[in-house]
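# Chain and residue survey
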Amino acid sequence: MRAFVDADSVVELTRALVAVDTQNPPGDEREVLGVCRDMLDPLGATFEEFEPAPGRASLLATVGTGDRPVLIVNGHLDVVPVHRPGWTRDPFGGEIDDGKLYGRGTADMKGGIAAAVEALYTLRRAGREPACDIAFHLVADEERGGGYGTRALVESGKVAGAACLVPEPTGMALCVAERGLFVADLIVHGRPAHGSEPRNGISAVEEAAKVVLALHAADFGGPEHQLLGRPTCNIGMINGGTGHNTVAERCVLKVDRRLLPGDTAASAEASVRALVDAIGDPDLRYDIEMEVFGEASELDPSHPFVAQLQAAASAVLGEAVPVIGMRFTTDARFVRNQAGIASVVCGPGEIAQAHINDEWVEVARLVDAAAVYAELFSTFSG
Ligand SMILES: [Zn+2]
């Protein structure tokens, strides 16, 4: 299959997507939808647009006959912001140097989307037909939580299919599980006094220090997840007190807790409270205000879709690819958890190449990905 992939074509498709600025924030995916339509139109795609807020547009493009199982390809069109002084390449230029294609979104994940589109052209060149209908969900807002993109699509009932491929950068490994995220302010309340008499008050800074130690030392219990390891807790920020000569009345800790499948926002908060309460200090008074929650998700690695994708990867790459878990979240969680559709994240580029200055993807890996996807499309029958 790899011989039928046109490397120039997949590079041009990636470049066309990268050339349109879709930095999020602020987030504006409307213009790039035209590029997506242009690349899918010759394949006979039918289109539907979804725009829950002005400019926050997603494209649903289906290539197929309407009477076969549907394989969803979910890819986000937004990219993280570019900090120009840190770049030595044009972030929107798609320059190639030494086999690497440079630009914001080349790895995360316009290259993956381009490879999936190229897969259909590859099949055409090979004289083969997809065994399934392909529904491209090219979405807004993944980088800021998916509220205008995949989450909104799922909530509106527009996400239906037999399985879902998410070509985010995994080095073509098959990612079937993602940890969840709970971010909150933990606000510690003290009682102010003169700084020369600290025992006349209760220092929120002192109490907060006990909380930091307790949470960083925490064992959240339960067995280790095979692919995701153990849950963790990091206090990434601390802010308290008003001056050296006053016993601090307030101290705010930014809690970042990473979660395993099954954890809810309520259970995440309860686990933090249990650890803080276990300190057993009657002077320790606090509130927790949740800021972000994204649940973990997983697909059973023995699910047939994992085997089908593994077979396609092995056929093209000559060896099996690893089945992995990732420590952060993608839109796959909405498709797995809310839509109940088997989803695997598998794409060209490494996660270490995402979100960096001078982001790049290897052209050879774009070709690999297009060939693997073409193999999958020609064999997937639900
Ligand atoms: Zn991404």
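This report concerns the structure included in the present document. Remember, it's a predicted structure, so these values are computed and weren't measured experimentally.

This paragraph deals with helix 6 (residues 265–277). For helix 6, with 13 residues, the first-to-last C-alpha span of 18 Å sits near the 18 Å given by 1.5 Å per residue. Among all positions in helix 6, only Ala265, Ala268, Ser271, Val272 and Val276 are buried. With its buried residues spanning 135° around the axis, helix 6 presents them on a single face. Against strand 9 (180–189), helix 5 (204–216), strand 11 (250–259) and strand 12 (285–294) lie the buried residues of helix 6.

What follows is about the pattern of salt bridges. A full pass over the atoms with the stated rule returns 25 salt bridges. With its nearest N and O atoms 2.7 Å apart, the salt bridge here joins Glu12 to Arg15. Of the two residues, Glu12 and Arg15 are both situated in helix 1 (residues 7–18); the distance of 3 residues between them amounts to about one turn of the helix. A relative accessible area of 44% means that Glu12 is categorised as partly exposed. Classification of Arg15 by relative accessible area gives partly exposed; the value is 25%.

Within the protein, the zinc ion binds to His76 (NE2), Asp108 (OD), Glu168 (OE) and Glu168 (OE); these donor distances fall in the range 1.8 to 2.7 Å. Between the 4 donor atoms coordinating the zinc ion, the angles at the centre fall across 53 to 142°, so the site counts as irregular. On the primary sequence, the residues serving as donors to the zinc ion are separated as H-x31-D-x59-E. In this pair, His76 is assigned in strand 3 (residues 70–76) and Asp108 in helix 3 (residues 106–126), connecting sequence segments 32 residues apart.

The strand order across the open sheet built from 4 strands is 10-11-9-12, with neighbouring strands paired in antiparallel fashion. One side of each edge strand has no neighbouring strand; the edge strands of this open sheet are strand 10 (232–240) and strand 12. Taken pair by pair, the neighbouring strands of this sheet meet at an average axis angle of 20°, ignoring direction. Examined bridge by bridge, strand 10 and strand 11 share 8 bridges and lie antiparallel to one another. Looking at the pairing, Ile235 lines up with Val255 of strand 11.

Now for the sheet that holds strand 4 (residues 96–97). Spatially, 4-5-16 is the arrangement adopted by the 3 strands of the open sheet, whose pairing is antiparallel. Each edge of the open sheet is held by one strand with a lone partner, namely strand 4 and strand 16 (360–362). Pairing geometry for strand 5 (residues 100–102) and strand 16, over 3 bridges, is antiparallel. Among the inter-strand pairings, Leu101 is bridged to a residue of strand 16, identified as Val361. On the sheet, helix 9 (residues 363–379) packs against strand 4, strand 5 and strand 16 and is oriented at approximately 65° with respect to strand 16.

Moving on, we come to the environment of Val255. Tracing the backbone through its elements, the reader meets Val255 in strand 11. Sequence spacing of Val255 and Ile238 is 17 residues, and the spatial spacing of their C-alpha atoms is 9.3 Å. Non-local contacts of Val255, meaning those with residues more than four positions away in its chain, are made with Phe182, Val183, Ala184, Leu186, Leu215, Cys233, Asn234 and Ile235.

Right, let's talk about the packing of helix 3 against helix 9 for a bit. Their axes nearest at 7 Å, the elements helix 3 and helix 9 cross at an angle of 55°. Our classification of the angle between helix 3 and helix 9 gives oblique. In this structure, helix 3 meets helix 9 at a crossing whose hand is right-handed. Judged by residue contacts, Gly111, Gly112, Ala115, Ala116, Glu118, Ala119, Leu120, Thr122 and Leu123 of helix 3 engage Leu366, Ala369, Ala370, Tyr373, Ala374, Phe377 and Ser378 from helix 9.

Looking now at the side chain of Glu168. The topology assignment puts Glu168 in the loop between strand 7 (163–166) and strand 8 (174–178). For the buried Glu168, no salt bridge exists, and the shortest N-O distance to an oppositely charged side chain is 8.7 Å, to Arg333.

With that out of the way, let us pick up the packing of helix 1 against helix 9. Two quantities define a packed helix pair, namely the angle between the axes and the distance from one axis to the other. The interhelical angle for the contact between helix 1 and helix 9, taken along N-to-C directions, is 100°, at an axis separation of 9 Å. Between helix 1 and helix 9, the angle is such that the two are roughly perpendicular. Of helix 9, the residues touching helix 1 (which contributes Ala7, Val10, Val11 and Thr14) are Val363, Leu366 and Val367.

Topologically, Ser203 is positioned in the loop between strand 9 and helix 5. Residue classification places Ser203 among the buried residues on the basis of a relative accessible area of 16%. Side-chain polar atoms of Ser203 contact the backbone nitrogen of Glu206, separated by 3.0 Å. Those residues in contact with Ser203, other than ones at most four positions away along the chain, are Val247 and Ala248.

Rules behind the numbers
Residues numbered from 1 in each chain as written. Predicted model: local features only at pLDDT ≥ 70, side-chain atom pairs only at ≥ 80, totals over all residues. Heavy atoms only, no water. Helix = DSSP H or I, 4+ residues; strand = E, 2+ residues; numbered from the N terminus. Expected span 1.5 Å × (residues − 1). Buried < 20%, exposed > 50% of the residue type's maximum accessible area, 1.4 Å probe, protein only. Arc of directions from axis to C-beta. Contact = heavy atoms within 4.5 Å. Salt bridge = Lys/Arg side-chain N within 4 Å of Asp/Glu carboxyl O. Donors = N, O, S within 2.8 Å, 3.2 Å for Na, K, Ca; no water. Tetrahedral: all angles 85-135°; square planar, octahedral: opposite > 155°, others 65-115°. Pairing = 2+ DSSP bridges. Axes fitted to C-alpha atoms, helices over the stretch in contact; angles between N-to-C directions. Parallel < 35°, antiparallel > 145°, perpendicular 65-115°, else oblique. Left-handed = near helix turned anticlockwise from the far one by under 90°. Lys, Arg positive; Asp, Glu negative; His and termini not counted. Polar contact = N/O pair within 3.5 Å; in protein donor to acceptor, adjacent residues only side chain to side chain.

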